[in-house]
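The residues making up each chain are set out below.
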Amino acid sequence: MSFWTTRRRDVLTGYLFIAPQLAGVALFVLLPVGMAIWYSLNDWNIFTGRQTFVGGDNYAALTSDPQLPRVLLATAVFSGGVVIVNITLGLLIAVLLNRRFRGVTLFRTLFFSPVVVSVVAWTLVWGFLLQDNGGINGLLGTVGITGPNWLQHGGTAMASVIITQVIRSVGINMVLFLAALQGVPGELYEAARIDGASSRAIFARITLPLISPTLLLAVIVTVVGALQSFAQIAVLTEGGPELSTTVLVYYVYQQAFEFNDIGYGSTLALLLLSFVMILTLVQWQLRRKWVFYEQ
Amino acid sequence: MSSKSARWGRRALLVGALGVLAIPFVIPTIWMVASSVKPLSEIFASPPSLWTDHPTLAAYTEAFTFQPFARQYLNSVYIAVLVTLITLLVSSLAGYAFARIRFPGANALFLVVLAGLLVPSEVTIVPLFQLFKRAGLINTHWPLILVTALAAPCVLATFIMRQFFIALPVELEEAARLDGLGRPAIWLRICVPLAKPALSAVAILTFLASWNLYLEPTVYITSPELFTLPQALTRFTDAYGGQMWNTQLAAATMTVLPMLVVFVLAQRQFVEGIAHSGLK
């Protein structure tokens, strides 16, 4: 019998087939994470190029950075806001579109279309519309309302980034929810109606539990996506006014590439990574508690 | 019958509500196109209007003269196409192996690959910048191509492909084996052709991911002729740093419209592609 049995050949093929993907992850994800950990333990003088090992100094700086609490607050408000508005709006549109009538495809296309619009182009147009003398205030003016200078006040600037972000991406959740809604067996609705359940009760007791796996997935993906929103902030507000829309991602970029503080920037980046990992783990655990499975 | 008219009323209400809800989804794009053909003096007219009596394409020509916009456009297109092709190849190979071939350590290695989805690209960009600097690849397109084609977007693609191949019936492969086909031939001639829905989902998601990159080009690229579109769009500013709105909106229109046209033509693939990525 030859050395190259089918089994051996299969094992070799398996390794060869996954090799490019594995190499990509090792080289462009795992190695850089390791390097980021090393950088976070060093102070890096960009002008002399000298790295000095400083141990936990950069981590100590996290607690003494007067800007960080505001950045974390902005991050929490932005991510929380995006998730709440996105999931609610996505579910609302999906429920409205989950019935048969003429024009349903047209509406689905309209709500989904911003997803394929370039993030920067989309954000630029909203920046144009939200200026003090821009289109939104112009429209408000025609009905006698003097609109605020949206991007120049903390509260309205944050609301603006959240809303523009949600409108651009809610189509994805809408499609996921629509698919989930269509998977709910019709017999359940009929049985509930025969038993005289109100439509609100049907939604709360049948629809929501049955689509909860999809809801959970959407929440995870949306939070993680919000935590990584860079272009929207950079183009619309540049983190301002003051620090009101400086989310962690933008702060990492500023520290590392504008202030050239590689050590502290890497420490902040690892803080971001830990948030993403904690959120994913927490939601993974919650899954058992509030996700309903048919079997 | 009255129940029939009640149903009509409810339907009209539904369509009305959807129509109002759709406004912020549609108006920005329409406004962008409308403003791009207005003379600069009319862009901030009050009260606002989508109409102009003096349409002009001046902003469109200016977009090409102010920056090497044609070149930047080509950069975005060729990078996205290349990234998509590499990802299709790499993810269909890896996805197939993880789904159908039994080899020692497969599960552990799959978890290692999935870790690539957990790490935001912002976390790795500082070290990657240093790596590419050492390799002499700063201010080239290589970082944009390699990282997108092999890291996070490709991991998502590998995951989608694996889920698809797991669901394929085993009998297909067994029959091919009896006919004497080896693994690579089974993958190429039997499984890949069957995987068109998953492949089109992967292609769409990867193309969009590459097309939208903003942080990466901002960090890696400094020469205007190497810029990609998102980066180029933010650079239409006059000598005083003021934004040249009509030029910017014309450039944005040229960036957005082709994608919208493709989307409307291949709507089903887009929507199913997204649903595919999340459900299984």
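Residues numbered from 1 in each chain as written. Chains lettered and ligands numbered in written order. Predicted model: local features only at pLDDT ≥ 70, side-chain atom pairs only at ≥ 80, totals over all residues. Heavy atoms only, no water.

Comments concerning the overall build of chain B
Broken down by element type, chain B carries 14 helices and zero strands. The order of α-helices and β-strands along chain B, N terminus first, is α-α-α-α-α-α-α-α-α-α-α-α-α-α. Taken against the 2.2 N^0.38 rule, which gives 19 Å for 280 residues, the C-alpha radius of gyration of chain B at 24 Å runs more than 25% over that of a compact globule. Taken over the C-alpha atoms alone, chain B extends approximately 75 × 75 × 30 Å along its principal axes. Per-residue burial over chain B gives 51% buried out of 280 residues. (Helix = DSSP H or I, 4+ residues; strand = E, 2+ residues; numbered from the N terminus. Rg over C-alpha atoms; globule rule 2.2 N^0.38 Å. Buried < 20%, exposed > 50% of the residue type's maximum accessible area, 1.4 Å probe, protein only.)

Brief notes about the UniProt feature "domain: ABC transmembrane type-1" (unreviewed entry) in chain A
Under the local residue numbering, the UniProt record ascribes the feature "domain: ABC transmembrane type-1" (unreviewed entry) to residues 72–283 of chain A. Between the end C-alpha atoms of residues 72–283 of chain A the distance is 20 Å, and the span holds 75% helix and 0% strand. (UniProt positions renumbered as here; feature names shortened; annotations may be inferred.)

Looking at the packing of aromatic side chains
A full pass over the atoms with the stated rule returns 33 aromatic pairs over all chains. On the numbers, 4.9 Å between centres and 80 degrees between planes, the contact of A:Y39 with A:W44 is edge-to-face. Neither residue differs from the other here; A:Y39 and A:W44 are each classed as buried. Members of the aromatic cluster, connected to one another through ring pairs, are A:F28, A:F230, A:Y250, A:Y253, A:F257, B:F129, B:F132, B:Y214 and B:Y220. One cation-aromatic arrangement involves B:R162 over B:F110; the distance from NZ or CZ to the ring centre is 4.2 Å. (Phe/Tyr/Trp six-rings, centres within 6.5 Å; stacked < 30°, edge-to-face > 60°. Lys NZ or Arg CZ within 6 Å of the ring centre and 35° of its normal.)

A word on the UniProt feature "transmembrane region" (unreviewed entry) in chain A
Residue and element names in this part refer to chain A. Those places that UniProt annotates as "transmembrane region" (unreviewed entry) correspond, in this numbering, to residues 12–39, 71–97, 109–129, 157–181, 202–227 and 262–282. Strand forms 0% of residues 12–39 and helix 100%; the C-alpha atoms that close the span are 37 Å apart. Across residues 109–129, the secondary structure splits into 71% helix and 0% strand, with the terminal C-alpha atoms separated by 23 Å.

Considerations on the interface of chain A and chain B
With 90 residues of chain A in contact, the opposing surface of chain B contributes 87 residues. Both sides of the chain A and chain B interface together cover about 7,700 Å² of buried area, and 82% of this is carbon and sulfur. Summed over the shared surface of chain A and chain B, the number is two salt bridges. Joining chain A to chain B, the criterion identifies nine residue pairs in polar contact (both at pLDDT 80 or more). Among the elements that take part in the side of chain A that touches chain B, helix 1 (residues 6–40) of chain A stands out by supplying 24 residues, more than any other. In terms of residue class, the side of chain A that touches chain B is made up of 64 nonpolar, 20 polar and six charged. (Contact = heavy atoms within 4.5 Å. Buried area = accessible area lost by both parts, 1.4 Å probe. Salt bridge = Lys/Arg side-chain N within 4 Å of Asp/Glu carboxyl O. Polar contact = N/O pair within 3.5 Å; in protein donor to acceptor, adjacent residues only side chain to side chain. Nonpolar A, V, L, I, M, F, W, Y, C, P; charged D, E, K, R; others polar.)

Structural notes on the pattern of salt bridges
In the structure shown here, the tally under the stated rule is six salt bridges over all chains. Note that A:D10 and B:R183 form a salt bridge whose closest N and O atoms lie 2.9 Å from each other. One end of the pair, A:D10, is in helix 1; the other, B:R183, is in helix 9 (residues 183–194), on a second chain. On the accessibility criterion, A:D10 (9% relative accessible area) is buried. Given the relative accessible area of 10%, B:R183 is considered buried. Across the salt bridge formed by B:R268 and B:E272, the nearest N and O atoms sit 3.4 Å from each other. Taken as a pair, B:R268 and B:E272 lie in helix 14 (residues 267–279) at a separation of four residues, close to a single helical turn. B:E272 sits in the partly exposed class, given a relative accessible area of 45%. What emerges from the salt-bridge pattern is a single network uniting A:D10, B:R100, B:E173, B:R177 and B:R183.

Observations regarding the side chain of A:S79
Residues and elements named next belong to chain A. Tracing the chain through its elements places S79 in helix 3 (residues 68–97). Taking the relative accessible area as the measure of exposure, S79 reaches 8% and is therefore buried. Reaching out from S79, the side chain makes a polar contact with the backbone oxygen of T75 at a distance of 2.8 Å. Apart from the residues lying within four places of it in its own chain, the contact partners of S79 are A226 and L227.

Let's talk about helix 9 (residues 199–227) of chain A
Counted at 1.5 Å a residue, the expected span for helix 9 of chain A with its 29 residues is 42 Å, but the 36 Å between its end C-alpha atoms falls short. Along helix 9 of chain A, the largest kink reaches about 60 degrees and is centred on A:S212; proline A:P213 follows within four residues of it. (Expected span 1.5 Å × (residues − 1). Bend = angle between axes of the 7 residues up to and from the residue.)

Concerning the packing of helix 3 (residues 69–100) of chain B against helix 9 of chain B
Residues and elements named next belong to chain B. One way to put it is that helix 3 packs onto helix 9 with a least axis distance of 11 Å and a crossing angle of 110 degrees. By the angle between their directions, the pair helix 3 and helix 9 is classed as roughly perpendicular. The way helix 3 lies across helix 9 gives a crossing that is right-handed. Facing L89, S92, L93, Y96 and R100 of helix 3, the residues of helix 9 in contact are R183, I186, W187 and C191. When the residues that make up the contact of helix 3 with helix 9 are grouped by side-chain class, the tally is six nonpolar, one polar and two charged. (Axes fitted to C-alpha atoms, helices over the stretch in contact; angles between N-to-C directions. Parallel < 35°, antiparallel > 145°, perpendicular 65-115°, else oblique. Left-handed = near helix turned anticlockwise from the far one by under 90°.)

A word on the nonpolar core
A:F78, A:L97, A:F111, A:F112 and B:Y220 are the most contacted members of the largest nonpolar core, which totals 181 residues. Not counting chain neighbours up to four residues away, the residues in contact with A:F111 comprise A:I93, A:L97, A:G171, A:M174, B:L18, B:L21, B:A22 and B:F25. (Core = buried A, V, L, I, M, F, W, Y, C linked by side-chain atoms within 4.5 Å.)

Some thoughts on the UniProt feature "transmembrane region" (unreviewed entry) in chain B
All names here are of chain B. In the numbering used here, UniProt assigns the "transmembrane region" (unreviewed entry) feature to residues 12–34, 77–99, 108–132, 144–165, 186–209 and 245–266. Structurally, residues 77–99 comprises 100% helix and 0% strand, and the distance from its first C-alpha atom to its last is 32 Å. Within the segment residues 144–165, helix and strand shares are 95% and 0% respectively, and the terminal C-alpha atoms sit 29 Å apart.

Re helix 7 (residues 154–182) of chain A
With 29 residues, helix 7 of chain A extends 41 Å between its outermost C-alpha atoms, agreeing within 8% with the 42 Å of an ideal straight helix rising 1.5 Å per residue. Along helix 7 of chain A, the largest kink reaches about 45 degrees and is centred on A:S169.

Some words on the packing of helix 9 of chain B against helix 10 (residues 196–212) of chain B
All names here are of chain B. Their axes nearest at 5 Å, the elements helix 9 and helix 10 cross at an angle of 70 degrees. With respect to helix 10, the element helix 9 is oriented roughly perpendicular. Residues V192, P193 and L194 of helix 9 pack against K196, P197 and L199 of helix 10.

Some remarks on the side chain of B:Q130
Position of B:Q130 among the secondary structure elements: in helix 5 (residues 121–134). For B:Q130, the contacting residues outside a window of four places in its chain are A:Y39, A:W44 and A:I262.

A short note on the pairing of strand 2 (residues 50–53) of chain A
Residues and elements named next belong to chain A. The sheet contact formed by strand 1 (residues 42–45) and strand 2 spans four bridges and is antiparallel. Following the sheet pairing, W44 is matched in strand 2 by Q51. Counted along the chain from strand 1 to the antiparallel partner strand 2, the turn is four residues long, and its residue G49 has a positive phi close to 75 degrees. (Pairing = 2+ DSSP bridges.)

What about a positive patch on the surface?
Among the surface-exposed residues, A:R99, B:K4, B:R7, B:R10 and B:R11 lie close enough to one another that they form a single positively charged patch. Of note, B:K4 is situated in helix 1 (residues 2–36). (Patch = residues over 30% accessible without salt bridge, like charges linked within 9 Å, V, L, I, M, F, W, Y side chains within 5 Å. Areas by Shrake-Rupley, 256 points an atom, 1.4 Å probe, with all protein chains shown as cover. Lys, Arg positive; Asp, Glu negative; His and termini not counted. Charge placed at Lys NZ, Arg CZ, Asp CG, Glu CD.)

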